[in-house]
Amino acid sequence: MDATSFVVFLSSVLFVIGALGVLLRRNALLIFMSVELMLNAANLAFVAFAQRWAHLTGQVFVFFVMTVAAAEVAVGLALIVTIFRTKRSTNVDDLAQLRG
Amino acid sequence: MTDWIVLGLLGALSVASALGLLLSRNAIYAALFLVLNFVVGAVIYIVLNAPFLAVVQISVYAGAIMVLFIFVIMLLGAERLTPAENPPGLSYQRPLAIALGVLALSVAAYVLLARGGEAAATQAVDASPTAIGVQLFRNYVFPFEVVALLLLAAMVGAVVLTRRTE
């Protein structure tokens, strides 16, 4: 097992922990943070492969993933704040109906 | 050998902070665990010859994004989490999720162990900010402009969503 395999395995461990967070937690903020963890795990795999094949494309792609993650956080947190105003809760089980 | 010690320590710290995020009962603690995870990730980027991404990781993820998270948690006063009791009808969810996680991990471990050692590139690439900037503005100009549009849309969306409707 070389360093690249180790980092890629670490990235899959982090991804699975993030996925478990999305599946198991009930708080919208925690679910959102777990999604960030999953994005970060994917970035880690990109960087590992970029180093392995001595290619910059992987790093440029991570740059784009980070920008998209920042945009996603801005809109997602705005949604959570808006939902909290109407429901007084960030628990996703309280959001079972689509009517406001 | 030192590489392995450093990587092992960083990996252990990274997994531990991710587990802290998964298990903590307080949203602020979870956010701080995530900050720790991002900082450790930045150090791993440095080990993996990606200094530019390490700095961006610190300033964008650990800085901007997590400040936004903690700001919203405190704004909503939502830091105390109720114990995650499973609602009736979803009692199978937790064991199923853990089983799926173990399955995914074993598939990843099998793939990596079965076919790990293909020949790698011999010399390291120049990953300085200059080189990345050249790549960005020479080969990826169109995605760069699209990202600018995306950020503008996100900014307008966030403002419109949180505006109070009179």
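Our subject is the structure that appears above.
Residues numbered from 1 in each chain as written. Chains lettered and ligands numbered in written order. Predicted model: local features only at pLDDT ≥ 70, side-chain atom pairs only at ≥ 80, totals over all residues. Heavy atoms only, no water.

Things to note about a nonpolar patch on the surface
Residue and element names in this part refer to chain B. Our working definition: The residues that make up patches have over 30% relative accessible area and no salt bridge, and they are joined within 9 Å when like-charged or within 5 Å when they are Val, Leu, Ile, Met, Phe, Trp or Tyr. Areas reported as accessible are Shrake-Rupley estimates using a 1.4 Å probe. Residue values count occlusion only from the protein chains shown. We define a salt bridge as a side-chain nitrogen of Lys or Arg found within 4 Å of a carboxyl oxygen belonging to Asp or Glu. For the purposes of this entry, the term helix denotes a DSSP run of H or I that reaches at least four residues, the term strand denotes a run of E that reaches at least two, and both are numbered from the N terminus. Exposure classes here rest on a 1.4 Å probe applied to the protein chains alone. A residue is buried below 20% of its type maximum, exposed above 50%, and partly exposed in between.
Together, Y92, L96, L100, L103, V107, Y110 and V111 line one region of the surface with nonpolar side chains, adding up to about 730 Å² of accessible area. Within the secondary structure, Y110 is located in helix α4 (residues 93-114). Taking the relative accessible area as the measure of exposure, Y110 reaches 60% and is therefore exposed.

Some words on the interface of chain B and chain A
Here is the rule: Contacts between residues were defined by any pair of non-hydrogen atoms, one from each residue, lying within 4.5 Å. A simple way to read buried area is as the amount of 1.4 Å-probe accessible surface that goes missing from two parts once joined, with both sides added.
Taken together, the 78 residues of chain B in the interface contact 66 residues of chain A. Counting the surface lost from both chain B and chain A, the interface buries some 6400 Å², and carbon and sulfur atoms represent 78% of this. For the chain B face of the interface with chain A, the top three residues by lost area are L22(B), L48(B) and F69(B), together amounting to 10%. Our count for the chain B to chain A interface comes out at zero salt bridges.

A closer look at the nonpolar core
Note the threshold: By nonpolar core is meant a set of buried Ala, Val, Leu, Ile, Met, Phe, Trp, Tyr and Cys residues that side-chain atoms within 4.5 Å join together.
The biggest cluster of nonpolar side chains holds 60 residues, and the ones touching the most others in it are L29(A), M33(A), L77(A), Y45(B), M66(B) and F69(B). Listed by contribution, the elements that provide at least two residues to this core are α1 (3-24), α2 (28-52) and α3 (57-87) of chain A together with α1 (2-23), α2 (27-47), α3 (51-76) and α4 of chain B. A per-element tally of this core places α3(B) first, with 12 residues. When near neighbours in sequence (up to four residues on either side) are disregarded, M66(B) contacts M33(A), A31(B), L34(B), V35(B), F38(B) and Y61(B).

Some words on the pattern of salt bridges
Residues and elements named next belong to chain A. Counted by the stated rule, this structure contains one salt bridge over all chains. Of the charged contacts, one joins R52 and D2 as a salt bridge, the two residues approaching to 2.3 Å between their closest N and O atoms. Within this pair, whereas R52 is found in helix α2, its partner D2 is found in the segment before α1, the two being separated by 50 residues in sequence.

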